[in-house]
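Chain by chain, the residues:
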Amino acid sequence: MSIRNLEHLFKPRSVAVIGASQQAHRIGTRLLANLVEGGFHGPIWPVNPKYDTLAGLRCYHKLSALPEAPELAIICTPAATIPAVIAELGARGTRAAIVMTAGLDKVKAGGGRNVRQAMLQAAKPHLLRILGPGSVGLLIPALGLNASFAHIAADPGKLAFVSQSGALGTAVLDWASQRGIGFSTFIAMGEGADIDFGDLLDYLAADRDTSAILLCLEQIGGARKFMSAGRLAARGKPVIVLKAGRDAPLDGGIDPDAVFDAAIRRAGMLRVHSTEDLFDAVETLARARGQRGERLAVMTNGGGLGLIAADALQAGGAQLAPLSEATLERLRKLGAPRANPLDLLADAPVEHYVGALEALLAEDQADALLFLHAPTGMVPSLEIAQALAPLLQAASKNVLSCWMGGRAVGAARQHFAAAGLPTYDTPEKAVHGFLQIMQYRRNQDLLIEVPAQLPGAPERAAARAVVTAALAAGRAELGEMDVQALLAAYGIPMAPAEVAADVEQAAAAAARIGYPVALKLGDAALGQRADVGGVVLDLDDEAMLRAAAIAMRERSRRLRPGEAPAGFTVQRMARRPEARELAIAVDKDAVFGPVIVFGQGGLAAGLSGERSAGLPPLNMVLARDMVERTRVARLLDAYGQRAPADIDAVCRTLVQVAELVADLPELDGLRIDSLLADAAGVTVLNARIALAPPRHPCAMAIRPYPQELEQEVAWQGETILLRPIRPEDAPQHLAFFSALALDDVRLRFFSSMRELAPQQLASMTQIDYDRAMAFIATHHGADGQPETLGVVRAVADPDNLRADFAIIVRSDLKGKGLGNVLFQKLVDYFRSRGTGALTGEALAENGGVQHLVRRFGGTVLVSEEAGMVNLLLPLQGMGAPLS
């Protein structure tokens, strides 16, 4: 990920157009006209040997004739010329270019390369950044920059729009212009050979002129880069995604579109499914207030409108808010209906509207309010709007409105819009706006919720031994006993089983395990069991077992002549009459890598077909979200005489499977076709695990917890653990913060705050290991519970040039060398990843951190900001800390 030199693309002081023209229907002609008409304040330099002037500007015959290196170059010359143009621009000092020519990968450039590859190689020595090829261009209305061949300009605004497709981008530009929607930046990315979605998200996340980011994409190249940048951007501003095109599922695997949905949810972004939804979501979220839950109160002057809204709400998975007795009494006194939706009479006076609205706004069980109105001949709509707008503006909860109709409600709709109240044309659109708020809040909550700690740690060495032995033996699939051992290493219980070579051994195994048992053909026939009747259930005694084994062996010999006997697997029958049968799988997505899939198991799996997807790694919060996104969640609740199943045990199993995926890149597939869940917990009945040599060590779209960075060190006569921070550390991090002296808090945070808000706690404990690192020093306290003793953290910039650090040690442990131990761990880590330097800022009175930096060979400089100092520790080419 890199934002290096992107400022030259987005804030250029000069622009050159290579391939400018005056011939009709040429890109260079339209582009130059747009640049001139856009009002760009800097110099515009057309370049074309055929002309002396173009569009009233001097035209240069060659790049070397330009008065200076253009800050931004726009290239619309034939494909074969582009690598040489890029090389010459880079040598002159240009650091950003837009390549509008498409199809570069189809043109040969010599040396076994195509033109696209040659272009990138020409740009690399100069760090010249390229938008495109095949880009329609870039518009930045605030600068008067229309560096595109779009048919229409963009109005100024606060939205950043990024489109992979030029055609879709220009269509959206036209659509937005008709509706008065403006942009801070409008980018047609094209093929994204260099600058991609990850780079643009990183840049726009920090852009103060952008309040929301809209993405229209067709496909994603680097999933990990996209997820890392998307998660960071979504923490600061709404990121709304429209994906064009759906990929078909492969061979019964998970739907790629469901995987994409899971990725967007995981990043805290919001997905929409039409361009209209895209901009509706912007208006809704831009005006949305904080929302606790998903219960909606509806007030209308027409019963039909209320029913339409209620139907749309139910279809979207939300609910109407119940009304308390206090609210019902207030409505009774008004003579208003005591129901939700609340349907006022068409001739109700304005005072009734105000009173009913006040009652619903005061209802604690309503998380948001929807106001629906159709025009009547009794009370002018504008009078109602003028009376209600001040109440709704002052409301603490989200309020949405629908003025249904045309001219008769136009003034009322305009009055609400001017008051900053979200207003929609139809009840369905208004409800959809509420559902967007609801989904966005859910996605954002996933970024900050504190997950529960899992009991125990996986036995990773045992799991590794199983996999290594299987691959060494040339096996692409684990046998049942190895599956049982591998799952057990991660704490996933499986019904006890034993292997047997013949009927006698099968009978002995059943006696040890205890009847009733299931009998299966052995590992050699794993893929053939269904064909030869290789599974028999509910064998209650030895006679039944022997008969089943003999019959099974005979069927196998008859149907598979010439094959060696497969042996048997004997497994204890799990008779759990109240159990629900679930399924968990690990699939491989072409873009996002390993995916955890959850749904119903057994015969019902094929009937329901409903599954949810999640990207590993998981925690208990994310696992519960996966479960609750399926109808299976309702089956896990109590119903009839059945007790509720242990949903925490189901979630733990999902987390443990995700840990297995993170630890074992050789895992090529996993199927738990039958996971029984009841009040007593979960048990796996049947599972298969496929192996393959790992193709890439970083296949996961989200970097998992870096277990390899854990380190035990001796300190003050005891052994402490230095390790990366985890989301589950939030409770002990709060305890650590509470143990800090107020002055230490002030020196670290530059303010005397007394507690951490949930968002602050989440940002400190739920980090992106790809771009940030926080190491804690921890040990077990007197009560046996883990304690945080100190923490050091740093966040690297997208180009890995520097990482801004901070460090704090528990107040009662200062002066004992712990800060030095932690800082050494941080220095070693960022030096190993090639980061250029650690940087920071501190209060001038904070002598401790200044001494620490100097001790490691760094420098302390006076800041331009009064009372502050800047800290700098170069990392590359430096030795050990100074004594």
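Rules used throughout
Residues numbered from 1 in each chain as written. Predicted model: local features only at pLDDT ≥ 70, side-chain atom pairs only at ≥ 80, totals over all residues. Heavy atoms only, no water. Buried < 20%, exposed > 50% of the residue type's maximum accessible area, 1.4 Å probe, protein only. Helix = DSSP H or I, 4+ residues; strand = E, 2+ residues; numbered from the N terminus. Pairing = 2+ DSSP bridges. Contact = heavy atoms within 4.5 Å. Phe/Tyr/Trp six-rings, centres within 6.5 Å; stacked < 30°, edge-to-face > 60°. Lys NZ or Arg CZ within 6 Å of the ring centre and 35° of its normal. Axes fitted to C-alpha atoms, helices over the stretch in contact; angles between N-to-C directions. Expected span 1.5 Å × (residues − 1). Arc of directions from axis to C-beta.

Engineer: What should I look at first to understand the pairing of strand E17 (residues 295-300) in this one?
Structural biologist: Regular strands show a simple pattern: their side chains alternate between the two faces of the sheet. The buried fraction of E17 is high, at 5 of 6 residues. In this sheet, strand E20 (residues 368-373) lies alongside E17 in parallel orientation, the contact comprising 5 bridges. Directly across from Thr300, in E20, lies its bridge partner Leu372. Taken together, the 2 bridges between E17 and strand E19 (residues 342-343) define a ladder with parallel strand orientation. Bridging across to E19, Met299 finds its partner in Leu342.

Engineer: I keep staring at the side chain of Thr630 and nothing clicks. Help me out?
Structural biologist: For Thr630, the location among the structural elements is in the loop between helix H21 (620-628) and helix H22 (632-636). When residues no more than four places from it in sequence are discounted, the contact partners of Thr630 are Phe598, Glu610, Arg611 and Ser612.

Engineer: I'm lost on the packing of aromatic side chains in this one. Help?
Structural biologist: In this structure the tally under the stated criterion is 17 aromatic pairs. Pairing Trp175 with Phe279 gives two aromatic rings, centres 5.1 Å apart and planes at 25 degrees, and the pair type is stacked. You can see Trp175 sitting in helix H5 (residues 166-178) and its partner Phe279 sitting in helix H9 (residues 275-286), a full 104 residues away along the chain. For Trp175, a relative accessible area of 18% translates into the label buried. The class for Phe279 is buried, based on a relative accessible area of 5%. It is Lys243 that lies over the ring of Phe260; its NZ or CZ is 5.7 Å from the centre. The positively charged end of Arg726 is found above the aromatic ring belonging to Tyr705, 5.2 Å away from the centroid.

Engineer: Sorry if this is basic, but what is going on with the sheet that holds strand E9 (residues 129-131) here?
Structural biologist: In a beta sheet, neighbouring strands pair by backbone hydrogen bonds and run either parallel or antiparallel. Strand order in the open sheet formed by 5 strands is E2-E1-E5-E6-E9, and the pairing between neighbours is parallel. The open sheet has two edge strands, strand E2 (44-47) and E9, and neither has a second partner. For this sheet the average axis-to-axis angle between neighbouring strands, irrespective of direction, equals 20 degrees. As paired strands, strand E1 (residues 15-18) and E2 are joined by 4 bridges and run parallel to one another. Looking at E2, one finds that Ala16 is bridged to Trp45.

Engineer: It is not clear to me how helix H16 (residues 460-472) should be interpreted in this structure. Could you clarify?
Structural biologist: The periodicity of an α-helix, 3.6 residues per turn, causes residues three or four places apart in sequence to face the same way. When the terminal C-alpha atoms of H16 are compared, their 18 Å separation across 13 residues agrees well with the 18 Å that a helix rising 1.5 Å per residue should span. Listed in full, the buried residues belonging to H16 are Ala463, Val466, Val467 and Ala470. What you see down the axis of H16 is that its buried residues fit within an arc of 90 degrees, all on one side. For H16, the exposed residues lying more than 90 degrees away from the buried face are Ala461 and Ala472. Against helix H17 (480-489) and strand E31 (681-691) lie the buried residues of H16.

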